[in-house]
Amino acid sequence: MEQAIQLFGYLILAVLGFVLPVVAILFSVFQEGLSKLAIQYEAEKSHSEENIREQFQRKERKAGIDVSAIEQSLKELKSIKKTAETKLSYLNPKKQVIRLFISLMLALLGVVATFLISHFTNYYCLYPLLVSLVAFSYAIVVLWKLIGIIIEVRKIVDVDRKDTENRTTELLIALVEEVKKTGQYYLQRVYIALDGKDIKDDSRMVTAQANGKKELELGIQNHESRMAKNVEIGFILPNSFIVEKTDYYSIYRDKDEQIVRYTVSLIHGNTHHICLPLIITPLEQGDYRVRTFIKAENIESTYKNITIKVT
C-alpha cells in the first residue's frame, strides 16, 4: 500500500513538473489561434442564443408548425450553446494553468499528509488520500479538455498557414503572365459535385425541410487530364442553419455567416473524389442563396451559387 501511494506521488510530480509547463508553453505559442478560436465560439454562442429565441417565438405561435421538429432543433441549439460556453471557459490560458497547478498541488499535499498521518494511525490517512485522488482526477479531466482545445487551435493555425501559402502561390503564379494567358497552368474543368451533378452555374436548387436534417452529398469532379493540387471547396451558409460538426470539414463563424471548408491534397486527372456529406438543419422556411467556392494551387478561385429551398 505504501509503495502504491509513493508511486502515485511520483506520478503527480511528473505531471506537475513536466506536463503542466508543456501545456503553458503550448498556450503561449498558439496565443493568436486561441484568440481566433475564442471569437468563433463567442459567435457560435451568440448565434445559438438568437436562434433559440426565434425558435421559442415560433413555438409560441404554433400555427401550421411541427412542434416536435422545433423541440429537436431547440435541443440541438441548446447543446451547441452549452458546448460553446464550456469551450470558452477553457480559453483563458492563465486561469487554466492556475486551475491545474492548484489541483495538482492539492493532490501532492494529500499524498504527503497521507504519509505523515499513517505513522500515527492507518484509519485517518484515508481522508487525505481520498482528497488527493479527487484533486488528481479533476486535474486529469482539465488536462484532457485543454489538449482538445490545443488540437482545435492547431487546426486553426494550420488553416491560416495554408491560406498564406495559397496566397503566396497565387502571387508567384501571377508573375508568369504568359502561362496564365495561354491557359496552360490553371485547370478549367474542375467542379463541386452536389448530389452527383456538377455545379457549373447558378441554377442548382436543393430542397429541405425546416427543422429537419438534410445531407448534401458532395464530391469534386476533375475532368482535366492533369492533377489538381491542394484543393479547397466550401459553402457560405447563413447563421439560421445548424451545421453538424465533424472532423472532415472545418467551420468558421462570424456575426453574418458561417463558412464550411473541405480540403483535399490532390485529385488525379479524370477522377471523381467523394467527400463525406455536409449535414445541415435549416431553422426557417424560405429560399436561401448559398455561395459555393472551389480553389486550388492550380485552380483559380471560382464561386457559384446554389439555392436551398426550405419548406
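Below: a short report on this structure.

1. Considering the pattern of salt bridges
What the rule picks out here adds up to four salt bridges. The partner of R261 in a salt bridge is E232, with the nearest N and O atoms 3.2 Å apart. Taken together, the positions of R261 in strand β8 (residues 257-267) and E232 in strand β5 (residues 228-238) put the pair 29 residues apart, joining distant regions of the chain. Take R261: its relative accessible area is 18%, and that puts it in the buried class. The exposure class of E232 is buried, given its relative accessible area of 4%. Between K295 and E232 there is a salt bridge; the shortest N-O distance is 3.9 Å. Pair noted here: K295 is in strand β10 (residues 286-296) and E232 is in strand β5, with a separation of 63 residues, a long-range link. Residues joined by salt bridges that share partners form a network here, namely E232, R261 and K295.

2. A look at the packing of aromatic side chains
One pass over the structure, following the stated rule, counts three aromatic pairs. An angle of 85° between the planes, with centres 5.0 Å apart, marks the rings of F241 and Y288 as edge-to-face. Residue F241 is located in strand β6 (residues 241-243), and its partner Y288 is located in strand β10; the two are separated by 47 residues in the primary sequence. With a relative accessible area of 3%, F241 lands in the buried category. The class of Y288 is buried, set by a relative accessible area of 16%.

3. A short note on the sheet that holds strand β7 (residues 250-253)
In a beta sheet, neighbouring strands pair by backbone hydrogen bonds and run either parallel or antiparallel. Strand order in the open sheet formed by six strands is β3-β11-β10-β5-β8-β7, and the pairing between neighbours is mixed. Strand pairing shows two members of the sheet lacking a second neighbour, β3 (205-208) and β7, which therefore form its edges. Put simply, the sheet's adjacent strands are angled 25° from each other on average, direction ignored. Here β10 runs beside strand β11 (residues 299-310); their pairing, made up of ten bridges, is antiparallel. Paired with Y288 across the bridge in β11 is I308.

Quick notes on the rules
Residues numbered from 1 in each chain as written. Predicted model: local features only at pLDDT ≥ 70, side-chain atom pairs only at ≥ 80, totals over all residues. Heavy atoms only, no water. Salt bridge = Lys/Arg side-chain N within 4 Å of Asp/Glu carboxyl O. Helix = DSSP H or I, 4+ residues; strand = E, 2+ residues; numbered from the N terminus. Buried < 20%, exposed > 50% of the residue type's maximum accessible area, 1.4 Å probe, protein only. Phe/Tyr/Trp six-rings, centres within 6.5 Å; stacked < 30°, edge-to-face > 60°. Pairing = 2+ DSSP bridges. Axes fitted to C-alpha atoms, helices over the stretch in contact; angles between N-to-C directions.

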